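Residue-level structural notes
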Amino acid sequence: FVKDQIYKFFFFQAEDGIRDAQESRGLGDVYKRQVSTQSTWGYIQFQKILIQMKAFKAAIRKTGNSISIMLRDAGIVRGAQVQRAESRTPYVEPHTKHRNLMPLYDLKPMCQLNTFVAPNATIVGEVTVGNETTVWYGAVIRGDINSVKIGYNCSIGENSVIHTAASLPTGIPASVTLGNYVTVQNNCTLYSCSIDDECLIGYRSIVLEGAKIEAGSVIAPNSVVPPGRIIPTHQLWAGNPVEYVRDLTKAELQIILHSAKANLEVGLTHKYEFLPHNSAYLQKENRPSDLNPPGEFRADPRTRHEDENSNSNHSPF
């Protein structure tokens, strides 16, 4: 813009000089030389300004190239420093844009109190996660087509996938429903199925659409439950496709319940590690008396009378 304005100014000045020279043909040689000198001076000044502008633009371009090279070298050095620092401190996690809870349209995941969802797990859409449930690393729960409901104190193992179909030919709901105390071990796939309370799904097992696993049943590892299959209560099934193996004992049923509670304790320990300040070591150093104070402050009211009796026996009064 500046260049154009300067060009117009000196062009009009030279044009005026030429016009004056043409009009002054009969006024004498002195005036002609004066007009010619003025137009020549304007042209020379215009060329000087153009040369200065070219030099200025070249200087700016060279300065910009120098700054870009400097910033590039600084970025390379900084990247190398960060890589060396990360190699010395393996606990440093690089920045990621991953969101473990992601709404879809108006469908928003809902996690109840005291749950642990791993940072690289993914929960999308209409998903309800019950109290004291753990969703481990790499697990994917998709409620984008139909809803997924997970009950109380469940465990979704690493790299497991839970997703749904739009509809089933049998007419039953295509959603996924998990009851309470359900343990889904690593690398499992649940697809539009229903699992009742206190069930265990073994490693790398697949439960397909329309299948129903009744309460207290166990699916052995590497098993496939075909579509529409019903697994009766308190039974062990295995194979591809699954077949009946035997009934479960009462001790084995208690092991399923204990496994679900143990997964919760480990999950809460991981959850404490992701606080702004680590507090897991405080949980490790607590004594039983700190976790369960005597008397009226004891967490379990069923054992309160034991503490009262012990305090009365050892009372100095």
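**Quick notes on the pairing of strand β6 (residues 140-150)**
The pairing of strand β4 (residues 122-129) with β6 spans seven bridges and is classified as parallel. Paired with T122 across the bridge in β6 is V140. The pairing of β6 with strand β8 (residues 161-163) spans two bridges and is classified as parallel. When the bridges of β8 are listed, I141 appears paired with I162. Across three bridges, β6 lies against strand β9 (residues 176-178) in parallel orientation. From the neighbouring strand, I150 faces β9, where its bridge partner is L178.

**Let's talk about the sheet that holds strand β20 (residues 243-247)**
Across the sheet, which stays open at both edges, the eight strands sit in the order β3-β5-β7-β10-β13-β16-β19-β20 with mixed pairing between neighbours. With partners counted over all chains shown, the strands left at the sheet margins are β3 (116-117) and β20, one partner each. By the bridge criterion, two bridges tie strand β13 (residues 200-201) to strand β16 (residues 218-219) in an arrangement that is parallel. Directly across from L200, in β16, lies its bridge partner V218.

**Observations concerning the pairing of strand β19 (residues 235-238)**
Alignment of β16 against β19, held across two bridges, turns out to be parallel. Residue pairing in the sheet places I219 in a bridge with W237 of β19. Here β19 runs beside β20; their pairing, made up of four bridges, is antiparallel. Considered in β20, the bridge of A238 is made with E243. Taking the residues that link successive antiparallel strands as the turn, the β19-β20 hairpin has four residues, and the phi of G239 there is positive, at about 110°.

**Quick look at the state of the cysteines**
Per the stated rule, a full pass over the model turns up zero disulfides. Here C199 is not disulfide-linked; the sulfur of C154 is the nearest cysteine sulfur, at 9.8 Å.

Rules and cut-offs
- Residues numbered from 1 in each chain as written.
- Predicted model: local features only at pLDDT ≥ 70, side-chain atom pairs only at ≥ 80, totals over all residues.
- Heavy atoms only, no water.
- Pairing = 2+ DSSP bridges.
- Helix = DSSP H or I, 4+ residues; strand = E, 2+ residues; numbered from the N terminus.
- Disulfide = S-S within 2.5 Å.

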